[in-house]
Protein chains: 2
Amino acid sequence: MPELRENPVTQSWVVIATERAKRPTDFVHPAAPRKGTANCPFCYGNEDKTPPEILAYRPQDTRPDTPGWRVRVVPNKFPALSDEGDLVATREGFFRGMTGYGVHEVVVESPEHDLTLPYQTPEQVYNVLSALKERFANLSRDRRLRYVQIFKNHGGVAGASLEHPHFQIIATPLIPAETETELKNAYDYYHEHGECLFCRMMGAELGEARRILRADDSFVTFNPYGSRFPFETWILPRHHNSSFGSISEKEVRDLALAVQDALGRLDEVLTDPPYNLILHTAPLDLEAREYYHWHIEVLPRLTIVAGFEWGTGFFINPTPPEDAARFLQEVKNPEE
Amino acid sequence: MPELRENPVTQSWVVIATERAKRPTDFVHPAAPRKGTANCPFCYGNEDKTPPEILAYRPQDTRPDTPGWRVRVVPNKFPALSDEGDLVATREGFFRGMTGYGVHEVVVESPEHDLTLPYQTPEQVYNVLSALKERFANLSRDRRLRYVQIFKNHGGVAGASLEHPHFQIIATPLIPAETETELKNAYDYYHEHGECLFCRMMGAELGEARRILRADDSFVTFNPYGSRFPFETWILPRHHNSSFGSISEKEVRDLALAVQDALGRLDEVLTDPPYNLILHTAPLDLEAREYYHWHIEVLPRLTIVAGFEWGTGFFINPTPPEDAARFLQEVKNPEE
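Cut-off values and rules
Residues numbered from 1 in each chain as written. Chains lettered and ligands numbered in written order. Predicted model: local features only at pLDDT ≥ 70, side-chain atom pairs only at ≥ 80, totals over all residues. Helix = DSSP H or I, 4+ residues; strand = E, 2+ residues; numbered from the N terminus. Rg over C-alpha atoms; globule rule 2.2 N^0.38 Å. Buried ≥ 20, exposed ≤ 12 C-beta atoms within 10 Å, placed from the backbone. Contact = placed C-beta atoms within 7 Å. Pairing = 2+ DSSP bridges. Axes fitted to C-alpha atoms, helices over the stretch in contact; angles between N-to-C directions. Least-squares fit on C-alpha atoms with pLDDT ≥ 70 in both. Nonpolar A, V, L, I, M, F, W, Y, C, P; charged D, E, K, R; others polar. Expected span 1.5 Å × (residues − 1). Left-handed = near helix turned anticlockwise from the far one by under 90°.

### Points about the overall build of chain A
Of the regular secondary structure elements, chain A holds six helices and 15 strands. Here the C-alpha atoms of chain A give a radius of gyration of 20 Å, agreeing with the 20 Å that 2.2 N^0.38 yields for 336 residues. Each of the three principal axes of chain A carries a C-alpha extent, and together these read 60 × 50 × 40 Å. Looking at the 336 residues of chain A, the share that counts as buried comes to 50%. Long-range contacts, defined here as pairs at least 24 residues apart, represent 67% of the contacts in chain A between residues at least 6 apart.

Next up, the structure:
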């Protein structure tokens, strides 16, 4: 019989559709044709194909917007939100809107067109995460912004229009609805139980152990009880902290290893699956220190989200997370 | 500059990304290869490939599960939820779950493998909607169920695994999270303003007129101000009513025309686009008569929902609904 499970963070429900149980090999997806490096705006020598760089880690003897960089941050050429103009409320009679003020940046992970995160050196992944942290800190100072969404689309099915590995940052003048929901549930839990909902959930996952993929001093990686997607994988900082913006240097180094491990396992078991990697963190201007807990969610895009999910917010997940974990746990040395 | 718009029903925000403005021809999608009628479980003569029928409109001199039917309702062969067994709460330590009790049915729209709704006779579409209403009434009597989700996936990208036109019904033992959100917002609006949020919104759309596609005595069709998807199209009953289950015979007949009109326009402008059609209605056991308003949302699936949307609940819509409406308004006689 199928099983319904509550996701304690979103308080929405997931159908674990055991009648449709799926193994990794059931998720075969055709390898997308590669466009290659020819006109890639993120490869060395093509720096003029992007707007001028905002930040780059590069030798001191190289000039901006020339080769030599290790990580490069540029404005998105086709931004979803614009940092020109002001934030102004608009009305159309009954309807409410505002000008689309915001920031949309791209973090190019390395000059290597085909080298994804699990196959980079840990030092390079540390550089990428350091650049994300640096941009987060910088955007935090813009008082018009309320939230910084860091994410990564990998594979065309997951929305990546350019194949050269990159993260994206979209900073918004509003707290997003999903974040509001998580915040409210976490706030209520904290005030009812006197502890952080995420700390409690992580403790429960560690106690249950079946869905844990990796745990070190700084991070715990697991396939959560209420997984909406097959092979959904979360990385939580072990020490309570509401904001990615305030993680320590050691945590940045340890996060590089945790991210490489998680993506390496998924790559090994599912053969370069399309996925969205989403960093959830507290809004910029909210004192959510006690009750919110920043974390990363990796959502492999192996199933189609259809009418039932759009209508209800229920997700149908054909792979119980315990089964996903069993496959992912078997991977040895995923970083290598 | 892009524009942010609030969807008054979900209170989430949409980015109308004017820098990326898209015309219908930008959404070219390859026609999927057709599997044809050979092994189609929904074609005449293959009635034994589905579980036994629950309901069929057929001549009195034909036997169940044989050809001759005009509309046929069968249990889904691979149900997301199961009607065997009872609804039992489960626990795994901290985590909450329940057995996956529920109902999952398929409504085959006609014996014609290739005839989609806009090209059926109005009488046949009336039959389909009547079957949906009849099943809704029947499922309403099961006290274990709290919500009946009626929906339709059209095209592989939108999650249709069988190409023969059909609706699906999934009845759940819980009120879905999306429905809860709509109900809460509608409840709050009603208690603050003394009128139905949906009636107010429909009035505003009719007043503004730019996004209206069609209006008759019974239904109003428009591309809503806060459209999340390009060419998103809503059909609202003009007379306030919280539940699809209680619509009149005349409304069923008029809805057939409204649905044919809306899907016919989309088909004409976007050339057989993949879409999800989702019927939103009040939960079964809730007295939501004053403040909720049942309706249909058609969501064309022309863009990829990626990390930003999953993380935030913000949607990026490259086609302002006013522009979508202009293209859709130009279609003449969409039913023909």
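### Looking at the pairing of strand 5 (residues 89–92) of chain A
All names here are of chain A. As defined by bridge partners, strand 5 adjoins strand 6 (residues 95–99) across four bridges and the pair is classed as antiparallel. Bridge pairing links R91 to R96 in strand 6. The loop that links strand 5 with its antiparallel partner strand 6 comprises two residues; one of these, G93, has a positive phi angle of about 60°.

### Topic: the sheet that holds strand 2 (residues 13–16) of chain B
Each strand in a sheet pairs with its neighbour through backbone hydrogen bonds, running either in the same direction (parallel) or in the opposite one (antiparallel). Strands sit in the order 5(A)-6(A)-1(B)-2(B)-15(B) across an open sheet of five strands; the sheet is mixed. In this open sheet, the two edge strands, each paired with only one partner strand, are strand 5 of chain A together with strand 15 (315–317) of chain B. Neighbouring strand axes in the sheet, compared pairwise and without regard to direction, differ in orientation by 30° on average.

### What to know about the relation of the copies chain A and chain B
Of the transformation superimposing chain A on chain B, the axial component is 0.0 Å and the angular component is 180°, with the fit at an RMSD of 0.0 Å. Seen this way, the second copy is the image of the first under a two-fold rotation axis. The rotation axis passes nearest to the C-alpha of V305 of chain A in chain A, at a distance of 4.7 Å. A shared binding surface is used by both copies, with 100% of the interface residues of chain A retained as interface residues in chain B.

### Things to note about the interface of chain A and chain B
Each partner contributes to the interface: chain A provides 65 residues, whereas chain B provides 65 residues. A breakdown of the residues in the side of chain A that touches chain B according to their chemical character gives 33 nonpolar, 20 polar and 12 charged. Pairing geometry for strand 6 of chain A and strand 1 (residues 3–6) of chain B, over three bridges, is antiparallel. Looking at strand 1 of chain B, one finds that M98 of chain A is bridged to L4 of chain B.

### Quick look at the sheet that holds strand 14 (residues 295–300) of chain B
Residues and elements named next belong to chain B. Strand order in the open sheet formed by 10 strands is 3-4-7-9-8-13-14-12-11-10, and the pairing between neighbours is antiparallel. Since the sheet does not close on itself, it has two edges, and those belong to strand 3 (55–57) and strand 10 (212–215), each with one partner. Geometrically, the sheet is characterised by an average inter-axis angle of 15° between neighbouring strands, direction not taken into account.

### Regarding helix 4 (residues 249–270) of chain A
Between its terminal C-alpha atoms helix 4 of chain A stretches 32 Å, which fits the 32 Å expected from 22 residues at 1.5 Å a residue. One or two positions beyond helix 4 of chain A, positive phi appears at T271 of chain A, with a value near 55°.

### Points about the packing of helix 1 (residues 122–140) of chain B against helix 4 (residues 249–270) of chain B
Residue and element names in this part refer to chain B. Where helix 1 contacts helix 4, the axes come no closer than 8 Å and their chain directions differ by 115°. As helix 1 packs across helix 4, the resulting crossing turns out to be right-handed. Listed contacts from helix 4 to P122, V125, Y126, L129, S130 and K133 of helix 1 are V252, R253, L255, A256, L257, V259 and Q260. Tallied by class, the residues present in the contact of helix 1 with helix 4 amount to nine nonpolar, two polar and two charged.

Don't take any of this as a statement about function, it's just geometry.
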